[in-house]
Amino acid sequence: QVQLVESGGGLVQAGGSLRLSCAASGVIFSITRMAWYRQAPGKQRELVASFSSGGNTNYADSVKGRFTISRDNAKNAVYLQMNSLKPDDTAVYYCNSRYPYVGGNDYWGQGTQVTVSS
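Here we summarise the structure given alongside this text. (Residues numbered from 1 in each chain as written. Predicted model: local features only at pLDDT ≥ 70, side-chain atom pairs only at ≥ 80, totals over all residues. Heavy atoms only, no water.)

Assigned secondary structure in the protein chain consists of 0 helices and 11 strands. In sequence order, the secondary structure elements of the protein chain are arranged as β-β-β-β-β-β-β-β-β-β-β. Computed over C-alpha atoms, the radius of gyration of the protein chain comes to 14 Å, within 12% of the 13 Å expected from 2.2 N^0.38 for 118 residues, which places it in the range of a compact globule. Once the C-alpha set of the protein chain is aligned to its principal axes, its extents read approximately 40 × 25 × 25 Å. Taking all 118 residues of the protein chain together, 40% fall into the buried category. (Helix = DSSP H or I, 4+ residues; strand = E, 2+ residues; numbered from the N terminus. Rg over C-alpha atoms; globule rule 2.2 N^0.38 Å. Buried < 20%, exposed > 50% of the residue type's maximum accessible area, 1.4 Å probe, protein only.)

Let us now look at the nonpolar core. Counting residues in hydrophobic clusters, the biggest one holds 28 residues, and the most contacted among them are Trp36, Val48, Phe67, Leu80, Met82 and Tyr93. Sorting the residues of this core by element identifies β3 (18–25), β4 (33–39), β5 (46–51), β7 (67–72), β8 (77–82), β9 (91–98) and β11 (112–117) as the ones contributing at least two each. With 4 residues, the top contributor of residues to this core is β3. (Core = buried A, V, L, I, M, F, W, Y, C linked by side-chain atoms within 4.5 Å.)

What follows is about the pairing of β4. Across the 7 residues of β4, 5 count as buried, placing the element largely inside the fold. Bridge analysis of β4 against β9 gives 7 bridges, and the strand direction is antiparallel. Counted as the bridge partner of methionine 34 is serine 97 from β9. Pairing of β4 with β5 involves 5 bridges; the strand directions are antiparallel. Paired with methionine 34 across the two strands is phenylalanine 51, which belongs to β5. (Pairing = 2+ DSSP bridges.)

A word on the state of the cysteines. Tallied over the full model, the rule gives 1 disulfide. Sulfur-sulfur distance for the disulfide between cysteine 22 and cysteine 95 comes to 2.1 Å. Its S-S torsion of approximately -80° makes the covalent link between cysteine 22 and cysteine 95 left-handed. Of the two residues, cysteine 22 sits in strand β3 while cysteine 95 sits in strand β9, which places them 73 residues apart along the sequence. Neither residue differs from the other here; cysteine 22 and cysteine 95 are each classed as buried. (Disulfide = S-S within 2.5 Å.)

Negative phi values dominate among residues other than glycine, just as trans dominates among peptide bonds. Despite not being glycine, asparagine 76 has its phi angle at roughly 50°, a positive value. Tracing the sequence through the fold places asparagine 76 in the loop between β7 and β8. The class of asparagine 76 is partly exposed, set by a relative accessible area of 23%. Phi at serine 84 takes a positive value of approximately 50°, unusual for a residue other than glycine. Position of serine 84 relative to the elements: it lies in the loop between β8 and β9. Note on serine 84: relative accessible area 41%, which makes it partly exposed.

See the structure below:
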């Protein structure tokens, strides 16, 4: 069974920082693309950052320069360091794991709430 478990969310004031963690099990972690998505109330889920198995990273324009994604294959974990947080960053953040094949399986965590106060 595949499990993705997020942690590290919470309440922080604007300008503050949080670090999210995602622990994965049941996947061949080293060959997956790992990513963080977020969904704010009333809005669609959006890709925040991704980290391919080959080490390539991508970021949404709204978080470039503020967020950093990293992964530790030895620990089957992916992280999202979030700095200079803004109220617009408030959302539920989800960890995602995807095999890089057509029709490959796609897995999600339950999400962790991040709330940024003004």
